[in-house]
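Spelled out from the first residue to the last, the chains are:
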Amino acid sequence: MATYAPQELATVLKDGLLSFPVTPFTGHGEVDEARYREHIDWQSSFDIGGLFAAGGTGEGFSLTPEESARVVRLAVETAAGRTPVLGSAGGNTAQAIQHARAAQDAGAEGLLLLPPYLTECDQDGLLEHASAVCASTSLGVIVYNRGNAVYSAHTVARLAERHANFIGFKDALGDIEQLARVHTLNGDRLFYLGGLPTAETFALPLLQLGMSTYSSAMYNFVPEFALAFYQDVRRLDHAAVTEKLGRFVLPYLDIRDRTKGYGVSIVKGGLKAVGRDLGSVRPPLQDLAAQDLADLTTLIKSADVHPDARPAEGDHR
């Protein structure tokens, strides 16, 4: 059972860094539950706002419904109340409802609603899709504004009016006009979460549009750096943010942008580079090429962002 009521969860999430743990796989491509527990234990040991299990960085799009439910449950059990764990709901409406109910059964505190699969849709259909998922669970629900799920300000407002458990708006488009409209119309009824790829790049300007937090993929492998960056953003320390962008974030993006789909691959590459190997990505993604991994390893060392990479207690490696 969830510890937080939806609005209480929103209060917790809006003022802390958020992240999406990767899902480790064995050499045979199966979910590696032991290594996942180790990773969640490490990720939960820092002062973070919340973790989203089986999301984009967690390759939720490559997990079966059964695997997704198991990954969420493992994350909840391992975090053990140290930080809120949220599940993810993707696919068509029926599948998203299935994911939502499984996340609630697993003890998740909330839910990220991913875009519906494949088809185009307009505002009325998108509203009914999100509404059906909100109605299927008592968990706090955050919608993800990206792909074919671009919510107008009025659709967001209608959803907020219908469902008290609709608590958040995550954006992966960076459309300044749309964000201004959404925030102006909905105000403090919701919290606003930055979700552009490598969100650190956009965090400072989007803070001015009401996005008090964002999801950090690099938190997976350089948590201290990611948390320090977030604090610089919240303090509006432009000089510190610019220094960290130049020292690590922008060179990191240069490696990420070499191949399509590297957004997740580079995170698992970063974990290899710091001595916490969680295996390969699943197709259709591909691992970093050898030179890209070598360049990333060099960057992490030269930028002085390497975390304490000592194996966790009980680590079987």
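Here is what the cut-offs are and how they apply
Residues numbered from 1 in each chain as written. Predicted model: local features only at pLDDT ≥ 70, side-chain atom pairs only at ≥ 80, totals over all residues. Heavy atoms only, no water. Helix = DSSP H or I, 4+ residues; strand = E, 2+ residues; numbered from the N terminus. Rg over C-alpha atoms; globule rule 2.2 N^0.38 Å. Contact = heavy atoms within 4.5 Å. Areas by Shrake-Rupley, 256 points an atom, 1.4 Å probe, with all protein chains shown as cover. Lys, Arg positive; Asp, Glu negative; His and termini not counted. Charge placed at Lys NZ, Arg CZ, Asp CG, Glu CD. Buried < 20%, exposed > 50% of the residue type's maximum accessible area, 1.4 Å probe, protein only. Right-handed = clockwise from strand over helix to strand, strands pointing away. Pairing = 2+ DSSP bridges. pLDDT = per-residue confidence, 0-100. Phe/Tyr/Trp six-rings, centres within 6.5 Å; stacked < 30°, edge-to-face > 60°. Arc of directions from axis to C-beta. Salt bridge = Lys/Arg side-chain N within 4 Å of Asp/Glu carboxyl O.

### Structural notes on the overall build of the protein chain
Within the protein chain, the secondary structure is distributed over 12 helices and 8 strands. Relative to the 2.2 N^0.38 estimate, which gives 20 Å for 317 residues, the radius of gyration of the protein chain is 18 Å and therefore close to what a compact globule would have. Counting only contacts in the protein chain whose residues sit at least 6 apart along the sequence, the fraction spanning at least 24 positions is 72%. For the protein chain, the computed accessible surface area is about 13200 Å², with 52% contributed by carbon and sulfur atoms. Distance between charge centroids for the protein chain: 1 Å, based on 27 positive and 38 negative side chains.

### Brief notes about the pairing of strand β7 (residues 191-194)
Alternating positions in β7 separate into two faces, Phe191 and Leu193 on one and Tyr192 and Gly194 on the other, with burial throughout. A crossover links strand β6 (residues 166-171) with its parallel partner β7, the connecting element being helix α7 (residues 176-186), and its sense is right-handed. Where β7 lies against strand β8 (residues 213-214), 2 bridges are found, and the strand directions are parallel. Residue pairing for β8: Leu193 is matched across the bridge by Thr213.

### Here's the deal with the confidence of the model for the protein chain
As a note on interpretation, predicted positions should not be read in detail where pLDDT is low. Averaged over all residues, the pLDDT of the protein chain equals 95, while 97% of them reach at least 70. In the model, residues 309-317 has pLDDT below 50 throughout and makes 15 contacts with residues more than four positions away in sequence or in other chains.

### Some words on unusual backbone geometry
The step from Pro283 to Pro284 runs through a cis peptide bond, and the omega angle for that step is 15°. Among the secondary structure elements, Pro284 is positioned in the loop between α11 (262-273) and α12 (290-302). With phi around 55°, Glu59 is a residue other than glycine that occupies positive phi space. Within the secondary structure, Glu59 is located in the loop between β2 (50-52) and α3 (65-79). Exposure remark for Glu59: the relative accessible area of 0% places this residue in the buried category. In this structure, Thr198 is a non-glycine residue whose phi angle is positive, near 50°. Considering the arrangement of structural elements, one finds Thr198 in the loop between β7 and α8 (203-207). Taking the relative accessible area as the measure of exposure, Thr198 reaches 13% and is therefore buried.

### Digging into the pairing of strand β3 (residues 85-89)
Burial within β3 is extensive, with 5 of its 5 residues counted as buried. The alternating pattern of β3 places Val85, Gly87 and Ala89 and Leu86 and Ser88 on opposite faces, both of which are buried. Both β2 and β3 contribute to a ladder of 2 bridges, which runs parallel. The residue bridging Leu51 from the neighbouring strand is Val85, located in β3.

### So, the packing of aromatic side chains
Applying the stated criterion across every chain, the model contains 8 aromatic pairs. Pairing Phe46 with Tyr219 gives two aromatic rings, centres 6.1 Å apart and planes at 80°, and the pair type is edge-to-face. Residue Phe46 is found in the loop between α2 (33-43) and β2, and its partner Tyr219 is found in the loop between β8 and α9 (223-234); the two are separated by 173 residues along the sequence. The pair formed by Phe46 and Tyr219 is uniform in burial state, with each residue classed as buried. Grouping aromatic residues by their ring pairs yields a cluster made of Phe221, Phe225, Phe229, Phe248 and Tyr252.

### Some thoughts on the sheet that holds β3
Spatially, 8 strands are ordered β1-β2-β3-β4-β5-β6-β7-β8 in an open sheet, and the strand pairing comes out parallel. A strand with exactly one partner marks an edge of an open sheet, and here the two such strands are β1 (18-19) and β8. Looking at chain direction, β1 and β2 are connected through 2 bridges and run parallel. Note on β2: the bridge partner recorded for Ser19 is Leu51.

### What to know about helix α6 (residues 153-162)
Ala153, Thr155, Val156, Leu159 and Ala160 are the residues of α6 that are buried. The buried residues of α6 occupy one face: seen down the axis, they fall within an arc of 165°. Opposite the packed face of α6, turned more than 90 degrees from it, sit the exposed residues His154 and Glu161. In this structure, the buried side of α6 is in contact with α5 (123-135), β5 (140-145), β6 and α7.

### Some thoughts on the pattern of salt bridges
Tallied over the full model, the rule gives 17 salt bridges. Across the salt bridge formed by Asp15 and Lys14, the nearest N and O atoms sit 2.8 Å from each other. With a relative accessible area of 41%, Asp15 lands in the partly exposed category. Exposure remark for Lys14: the relative accessible area of 31% places this residue in the partly exposed category. Salt bridges here are not isolated pairs; linked through shared partners, they connect Lys14, Asp15 and Arg234.

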